[in-house]
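Summary of the model geometry
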Amino acid sequence: MDAELPELVVEAYVRSEASGFRYSCETEVGRLLAALAAAVPPEGRILELGTGVGVGLAWLLHGLGNRTDVEVVTVELDDDIQEIATSTPWPPFIRFERGDGAELVGELGQFDLIFADAPGGKLSRLQSTIEALRPRGVLVVDDMDLGRHDDPELRAALVVAREQLVTHPDLIAAEIHAASGIVLATRRR
Ligand SMILES: C[S@@+](CC[C@H](N)C(=O)[O-])C[C@H]1O[C@@H](n2cnc3c(N)ncnc32)[C@H](O)[C@@H]1O
């Protein structure tokens, strides 16, 4: 898809490039996040684990359009990276949390959409992340394409996470072999 990038997303990618941050989500993943954010129910909640410098967040906001009824919580472990993300103004319904996603995910309540984009909450304590989904809530993970990763430990952890998502009794999952490799899973109950 070659539609123009939204302004706030362009700004986020510029921030990513300027800071040398190499882990921002790809545009295909971003567009998926935006489409899913647009479907979040009224007064809904969105969680992102791993804020990075705010590219995924910009896509989520793009999807929300002019809605202000949704709370977006985003968690980042690294102070310096969070500082880059928060160096730009964000709407008040975005809440920045500093800490380990694996620990915080069980304390932040339940969500209609979760983008688990940090090792904590994706490769460790994935079950806590699944439990943080509301019924009919949607979980997105990317960077699942093993062909992109050489580190045997990371590859093994990705295999385990994939297996957990596609076989979990509470989830219905779809693998999307695009961009960095995506698994999208909806909580049935
Ligand atoms: C793939 S990047 C996130 C990119 C961002 N979600 C986006 O779409 O642009 C992963 C981020 O997670 C952070 N991180 C690493 N371990 C974490 C943890 N246990 N809890 C929360 N954040 C963590 C890293 O510092 C990094 O900024």
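Each remark here, short or long, concerns the structure printed above.
Summary of the structure given here. (Residues numbered from 1 in each chain as written. Predicted model: local features only at pLDDT ≥ 70, side-chain atom pairs only at ≥ 80, totals over all residues. Heavy atoms only, no water.)

1. Focus on the pairing of strand β3 (residues 94-98)
As paired elements, strand β2 (residues 71-76) and β3 share five bridges and run parallel to each other. Across the sheet, the residue bridging to valine 73 is arginine 95, located in β3. (Pairing = 2+ DSSP bridges. Helix = DSSP H or I, 4+ residues; strand = E, 2+ residues; numbered from the N terminus.)

2. Let's talk about the site of the ligand
Close to the ligand lie 23 residues; Gly50, Glu76, Asp100, Gly101 and Asp117 are nearest. Between a nitrogen atom of the ligand and a side-chain N or O atom of aspartate 100, the distance comes to 2.8 Å. Compared with its free state, where it exposes 600 Å², the ligand has 88% of that area covered by protein. The cavity that encloses the ligand is the largest pocket. Those elements that provide at least two residues to the shell around the ligand are α3 (55-64) and β2. When grouped by side-chain class, the residues that make up the shell around the ligand number 10 nonpolar, eight polar and five charged. (Near = heavy atom within 4 Å. Polar contact = N/O pair within 3.5 Å; in protein donor to acceptor, adjacent residues only side chain to side chain. Areas by Shrake-Rupley, 256 points an atom, 1.4 Å probe, with all protein chains shown as cover. 1 Å grid on protein atoms, 1.4 Å probe; cavity = no way out; pocket = protein on both sides within 12 Å on 5 of 7 lines; lining within 4 Å. Sits in = over half its atoms within 2 Å of the grid points. Nonpolar A, V, L, I, M, F, W, Y, C, P; charged D, E, K, R; others polar.)

3. Thoughts on the side chain of arginine 187
Mapped onto the secondary structure, arginine 187 falls in strand β7 (residues 182-187). Buried charge without a partner: arginine 187 forms no salt bridge, and the closest opposite charge is aspartate 170, 4.5 Å away. Within the structure, the side chain of arginine 187 is placed 3.3 Å from the backbone oxygen of isoleucine 130, a separation counted as a polar contact. At 2.9 Å, the side chain of arginine 187 and the backbone oxygen of leucine 133 are in polar contact. For arginine 187, the residues in contact, after removing those within four places along its chain, are Gln110, Ile130, Glu131, Leu133, Arg134, Pro135, Arg136, Gly137, Asp170 and Leu171. (Buried < 20%, exposed > 50% of the residue type's maximum accessible area, 1.4 Å probe, protein only. Lys, Arg positive; Asp, Glu negative; His and termini not counted. Salt bridge = Lys/Arg side-chain N within 4 Å of Asp/Glu carboxyl O. Contact = heavy atoms within 4.5 Å.)

4. Focus on the packing of aromatic side chains
Evaluated as defined, the whole model comprises two aromatic pairs. Seen in terms of ring centroids, phenylalanine 21 and tyrosine 23 are 5.6 Å apart; in terms of plane orientation they differ by 85°. Their pairing is edge-to-face. The exposure class assigned to phenylalanine 21 is buried, which follows from its relative accessible area of 16%. (Phe/Tyr/Trp six-rings, centres within 6.5 Å; stacked < 30°, edge-to-face > 60°.)

5. Section: helix α2 (residues 27-38)
Two residues of an α-helix separated by three or four positions point the same way, owing to the 3.6 residues in each turn. The end-to-end C-alpha distance of α2 is 16 Å, a good match for the 16 Å that 12 residues give at a rise of 1.5 Å each. Within the sequence span of α2, burial applies to Val29, Gly30, Leu32, Leu33, Ala34, Leu36 and Ala37. The inward-facing, buried residues of α2 contact β1 (45-49), α3, β4 (111-116), β5 (133-141), β6 (171-176) and β7. (Expected span 1.5 Å × (residues − 1).)

6. Examining the environment of aspartate 80
For aspartate 80, the location among the structural elements is in helix α4 (residues 79-85). Spatially, the C-alpha atoms of aspartate 80 and glycine 52 are 9.8 Å apart, while their sequence positions differ by 28 residues.

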